[in-house]
Structures are given as structure tokens and as C-alpha cells.
Amino acid sequence: MAESTLTRPTSSRAGARRRELWRNIEGYLFASPFVIGFVWFALGPFAASLYLAFTQYEMRAELPAFIGIQNFQDMAADADLRRSLVNTVYYTVAHVPGTLILAFFIALLLNQKVKGMPLYRTMFFVPSVVAGVATAILWLFLLDTNWGLINTIFTMIGGETFRVPWLTSTRWAMPSLILMSFWRLGAPMIIFLAALQGVPEHLYEAADIDGAGRWAKIRHVTIPQLTPTIFLLTVLNIIGSFQVFTDAFIITEGGPAGATLVYLLHLYRQAFRSFHMGYGAAMGWFLFMIVLILTMIQLWLSRRWVYYEAAMPGQKVGGA
């Protein structure tokens with residue numbers, strides 16, 4: 001009798017351990033497709049690119065040959081790389097504030113309570129989900145110098161003197177790509193719209209009591225409340241701007257005369273046209289370091305201007 005009493009709790013604990021083991025195995029099995037995909041398609045290539053950055057690899061029969069930091073030294077003497085970096089910075093400086101300002105004011109308009117607002121929001125958001133290649137081809141038709149729709153309208157208004165060489169002039173080519181980039185502001189617009197709807201109404205009511213006008217409320221209530229959203233979108237848009245590729249590749253192929261040769265397009269040419277895979281990997285890591293440094297600087301600066309109404313324990317509210 002005593003033996004059966006002792007055996008029962010022991011077998012019960014063993015059964016509980018077996019059930020827990022099987023639950024863990026089931027969890028690992030369900031998670032395995034993601035883990036395998038992450039290791040095979042993300043972590044593996046990430047580690048391989050780091051190794052290739054220190055090798056000479058022409059992507060042919062020979063194996064990668066370790067050459068140390070030679071690829072990074074060659075980058076310092078690459079005139080096309082310097083031009084592509086300058087062009088990318090030019091694109092970023094114009095694209096990021098332009099996108100944020102336009103998305104913010106469109107979100108303000110779409111935050112009004114008027115009839116048919118869901119339709120208007122959908123109209124502004126749809127272009128952002130269109131494939132990049134399709135959008136680039138559409139704008140190629142719009143901006144063609146001779147028969148593009150925009151130049152056709154301009155010449156109807158002011159004659160040939162109003163014809164703009166959008167994609168064939170070194171002066172207008174990069175502004176054309178920047179203009180095209182504003183077509184895809186649906187995502188930041190939606191984020192701004194969600195943030196606007198989260199601004200407490202009592203702040204606007206207090207501003208009304210103080211006699212604040214519409215622009216005063218935007219400046220002193222709306223924008224301070226949206227600083228976390230502005231910070232997030234600034235970081236994401238800077239990262240995305242340094243990765244611009246499709247428009248320059250499809251429409252101008254880096255021309256005319258290198259005016260739209262952006263960084264990723266130059267990387268693509270080195271790695272997949274000239275088959276300098278080691279050099280291309282080094283360029284990729286150099287871009288990674290640039291983006292990382294810029295992000296860290298923005299995180300440091302955010303303490304001075306990003307306002308959090310409800311701070312977490314140990315976190316400062318408002319400026320540092």
C-alpha cells in the first residue's frame with residue numbers, strides 16, 4: 001500500500017515532464033519554418049557577405065581569396081562610388097523632409113470628418129502598394145521629354161519654352177526621381193493619420209479656451225504630440241532613401257552622365273555586372289555602417305526634441 005502511494009506521484013511527475021517535452025517539441029516544429037528561413041535567407045547571407053567583403057571573389061570558377069581590407073582601400077579611390085554617395089545624400093536630403101511634410105499635411109486633410117473620407121484615404125494610399133517597377137514605367141511615360149504627358153501640358157500652356165528635359169538633363173534628372181518618390185507617401189500618411197487620431201482632445205479644448213487659432217494648435221499641440229511618429233518616420237525614410245534603386249535602375253540607369261547614379265545602383269553594377277562580388281560586399285557593409293551611424297545620431301538627438309506624454313519608468317518626458 002505504501003509502495004503504490006509513493007509510485008503514483010513519481011509517475012505523475014514523469015508524465016507531466018513528458019507532456020511538457022512534447023509541447024516544447026511541437027513549439028519548435030511550428031517555429032522551424034521561420035527559423036530555417038531566417039538562417040538560410042537572412043543570417044547566412046549576412047555572415048557570408050561579411051566574409052566576402054575581405055576577399056577577392058569574381059563569382060566565377062575560382063574560390064574567394066582573402067585580401068584583408070584591400071576592398072575598402074579600393075573604395076577610397078573609386079570616383080563613381082563618391083559620386084553615387086553624393087547623389088544618394090542629395091536624394092535623401094530632398095526626399096525625407098519633402099515626404100514627411102507632404103504626408104503630414106495630407107494626413108491633416110484626411111483627418112477631417114467629411115462625407116466620403118474612406119474613399120479619399122484609399123485614393124491616397126493605393127499608389128504606395130503599386131509595384132515599384134510599374135510605378136517607374138508609369139512615370140517614364142509622364143516625364144518623357146518629347147511626348148510625356150507633363151511636357152505635353154506644359155507646351156500647350158506656354159509653348160516649347162516650357163518643355164523640361166526631365167530625364168535627359170543632368171540638372172533635372174535627380175529632381176525628377178525625387179518628384180517621383182513623393183508618389184509613394186501613402187505609408188507615412190497612414191502612420192501620421194493614426195497618430196493624429198491619438199492626440200488627446202482635451203489638449204485642443206484647452207487651446208481653444210486660450211484663444212489659439214488653427215495654425216497655433218498645429219504648432220503647439222499637434223506637432224509636439226507627433227514627435228515620436230516624426231522621429232520614427234525620419235529614421236525609416238533615411239534608411240529607405242539610402243536604399244533607393246528601382247527608379248534609377250528602370251528609368252535612367254544612372255544617367256545622364258552619372259547624375260542619378262545612386263549608391264545601390266553602383267553596388268549592383270560592381271557585384272552583378274562586373275562580377276566583383278567581394279568589392280560589392282564591401283560596399284554593402286560600408287552602406288550598413290553609414291546607416292547605422294546616422295541612426296545612432298538620430299537616437300541621440302531624439303532626446304532633445306522627441307516628446308513622450310507617458311514616459312516609461314526611468315525615461316525622461318520631453319527634452320533631455
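Structure first, text after, so check above.
One structure accompanies this document, and this report is about it. Just so we're clear, the structure is a prediction, and the values are computed from it rather than from any experiment.

What follows concerns the overall build of the protein chain. Secondary structure assignment for the protein chain yields 14 helices and two strands. Against the 2.2 N^0.38 benchmark of 20 Å for 320 residues, the protein chain shows a C-alpha radius of gyration of 27 Å, more extended than a compact globule. Across its three principal directions, the C-alpha atoms of the protein chain cover 110 × 75 × 40 Å. Across the 320 residues that make up the protein chain, the buried fraction comes to 35%. A total accessible area of about 19,600 Å² is found for the protein chain, and carbon and sulfur atoms account for 69% of it. Once the 23 positive and 17 negative side-chain charges of the protein chain are each reduced to a mean point, those two points are 6 Å apart.

Among all positions in helix α8 (residues 186-196), only Gly186, Pro188, Met189, Phe192, Leu193, Ala195 and Leu196 are buried. Close packing links the buried residues of α8 with α3 (79-110), α4 (117-125), α10 (214-225) and α11 (227-242).

Within the element layout of this structure, Gln298 appears in helix α14 (residues 277-305). Sequence-distant contacts of Gln298, defined by excluding residues within four places in its chain, comprise Phe231, Thr234, Val235 and Ile238.

In this fold, Val96 is placed in helix α3. Judged by its relative accessible area of 7%, Val96 falls in the buried class.

There is a patch of like positive charges on the surface, built from Arg13, Arg17, Arg18, Arg19 and Arg23. On the accessibility criterion, Arg23 (54% relative accessible area) is exposed.

Turning next to unusual backbone geometry. Following Gly255, the chain continues into Pro256 via a peptide bond in cis, with omega recorded as -5°. One can find Pro256 in the loop between α12 (246-252) and α13 (263-273). Not every positive phi belongs to a glycine, and Glu253 is a case in point at roughly 50°. Tracing the sequence through the fold places Glu253 in the loop between α12 and α13. Residue Glu253 is classed as partly exposed on the basis of its relative accessible area of 47%. The backbone of Ala257 sits at a positive phi, close to 55°, despite the residue not being glycine. By relative accessible area, which is 62% here, Ala257 ends up exposed.

Between helix α9 (residues 201-209) and α10, the least distance of the axes is 10 Å, while the angle of their chain directions is 160°. As summarised for this structure, α9 and α10 are arranged roughly antiparallel, according to the angle between their axes. The hand of the α9/α10 crossing is right-handed. Seen from α9, the contacting residues are Leu203, Tyr204, Ala207 and Asp208; seen from α10, they are Lys217, Val221, Thr222 and Gln225. A class-by-class count of the residues in the contact of α9 with α10 yields four nonpolar, two polar and two charged.

As for its placement among the helices and strands, Leu81 is situated in helix α3. Using a relative accessible area of 4% as the deciding quantity, one classes Leu81 as buried. Ignoring any residue separated from it by four or fewer positions in sequence, one finds Leu81 in contact with Met75, Tyr263, His266, Tyr279 and Met283.

We now examine the environment of Val129. With respect to the helices and strands, Val129 occurs in the loop between α4 and α5 (132-143). Placed 22 residues apart in sequence, Val129 and Asn151 show a C-alpha to C-alpha distance of 27 Å.

Scoring rules and cut-offs
Residues numbered from 1 in each chain as written. Predicted model: local features only at pLDDT ≥ 70, side-chain atom pairs only at ≥ 80, totals over all residues. Heavy atoms only, no water. Helix = DSSP H or I, 4+ residues; strand = E, 2+ residues; numbered from the N terminus. Rg over C-alpha atoms; globule rule 2.2 N^0.38 Å. Buried < 20%, exposed > 50% of the residue type's maximum accessible area, 1.4 Å probe, protein only. Areas by Shrake-Rupley, 256 points an atom, 1.4 Å probe, with all protein chains shown as cover. Lys, Arg positive; Asp, Glu negative; His and termini not counted. Charge placed at Lys NZ, Arg CZ, Asp CG, Glu CD. Contact = heavy atoms within 4.5 Å. Patch = residues over 30% accessible without salt bridge, like charges linked within 9 Å, V, L, I, M, F, W, Y side chains within 5 Å. Salt bridge = Lys/Arg side-chain N within 4 Å of Asp/Glu carboxyl O. Axes fitted to C-alpha atoms, helices over the stretch in contact; angles between N-to-C directions. Parallel < 35°, antiparallel > 145°, perpendicular 65-115°, else oblique. Left-handed = near helix turned anticlockwise from the far one by under 90°. Nonpolar A, V, L, I, M, F, W, Y, C, P; charged D, E, K, R; others polar.

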